[in-house]
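Residue-level listing of the chains:
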Amino acid sequence: MTAHIIDGKALAATIRKELKQEAESLKQQGIEPGLAVVLVGEDPASESYVKGKVKGCEEVGIYSELIRKDASITQEELLQIVRELNQKPNIDGILVQLPLPKHISESAVIDTIAVEKDVDGFTPVNVGNMLIGEDAFLPCTPHGIIEMIKRTGTQIEGKHAVVIGRSNIVGKPVAMLLLQENATVTICHSRTPDLAEMTRQADILVVAIGKPHVINKEHVKPGAVVIDVGVNRLPTGKLVGDVVFDEVKEVASYITPVPGGVGPLTITMLLANTIESAKKRNSPILNGMKG
Ligand code: GUN
């Protein structure tokens, strides 16, 4: 079997078209969604992600503000920036790009973001609401992964989903979302003794290890849906995932490439959350106009 390759770029473009229409319709009602992105320091990967986020906003018609600060900024100065953004009426979403310099506590910064503007879905209240299935901003990468699996036409309910990785940004939340979709979920991580034994049971395999080419065809059950969240740069400069794509595509039913798989969906879900936030924050106006 040769897998269908999930085209993240094309999928993102389809969803962005839908979002653009939503943003236009909000504008006609006097509402312009706004996103503030805070970038501290000059990490090249963060620079590139942030560029993609600002560009995505332009494409869809979301107002964006990029706040760049030197890595020497103090924690208190950064918290003050977040507090000010919490108060700004034209800002619906706040994203502080991670990782932050070591002298700044990421959790202190995340805890300061107003829950109703937490379009990353990182605040403890949002994470808790997601866990219990209440209304919440879903974290962007896990949300994108679920959207991708669904748009392949794969039924998640009743399937065995195996997630490799337990980070707060990807592994844990994607496992919870798969559970909410009624999959049976196994979470594997660096201390799992026999990884292949677990992964070979997966109908849906989500790989978020962060090391190049760990998962090969011996790890994959024939016909599985394989989602590769890894983005690793080889010494040659080439970007590769955590999965040996050329091997695994001969076994899987669907597979995401790197680049061009999960990445474009992540930014798209951030744009979706920002529009959602604008709608929620303006619901009195929107409902008033409807009535
Ligand atoms: N760094 C890597 N991924 C993310 C993300 O989704 N949000 C933020 N804020 N930082 C990140």
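Conventions we followed
Residues numbered from 1 in each chain as written. Predicted model: local features only at pLDDT ≥ 70, side-chain atom pairs only at ≥ 80, totals over all residues. Heavy atoms only, no water. Helix = DSSP H or I, 4+ residues; strand = E, 2+ residues; numbered from the N terminus. Contact = heavy atoms within 4.5 Å. Near = heavy atom within 4 Å. Polar contact = N/O pair within 3.5 Å; in protein donor to acceptor, adjacent residues only side chain to side chain. Core = buried A, V, L, I, M, F, W, Y, C linked by side-chain atoms within 4.5 Å. Buried < 20%, exposed > 50% of the residue type's maximum accessible area, 1.4 Å probe, protein only. Pairing = 2+ DSSP bridges.

With respect to the side chain of T123
Looking at where T123 falls in the secondary structure, it is placed in the loop between helix 4 (106-112) and helix 5 (124-131). Excluding residues within four positions of it along the chain, T123 makes contact with I110, I113, V115 and D118.

Some words on the site of the ligand
Every residue close to the ligand is listed here: L95, V96, Q97, L98, D120 and F122. Here Q97 contributes a side-chain N or O atom positioned 3.2 Å from a nitrogen atom of the ligand. Take L98: an N or O atom from its main chain is 2.9 Å from a nitrogen atom of the ligand.

Details of the nonpolar core
Of all hydrophobic cores here, the largest spans 48 residues; its most connected members are I145, L178, V206 and I227. Sorting elements by how many residues they give to this core places helix 10 (residues 262-281) first, with eight residues. The residues touching L178, leaving out its near neighbours within four places in the chain, are I146, I149, I156, A161, V163, A183, V185 and V206. Membership of the second largest hydrophobic core comes to 20 residues, among which are V38, I94, L98 and I113.

Structural notes on the pairing of strand 8 (residues 225-228)
Of the two faces of strand 8, both are covered, the one formed by V225 and I227 as well as the one formed by V226 and D228. In terms of strand pairing, strand 8 meets strand 11 (residues 254-255) through two bridges, oriented parallel. Considered in strand 11, the bridge of V225 is made with Y254.

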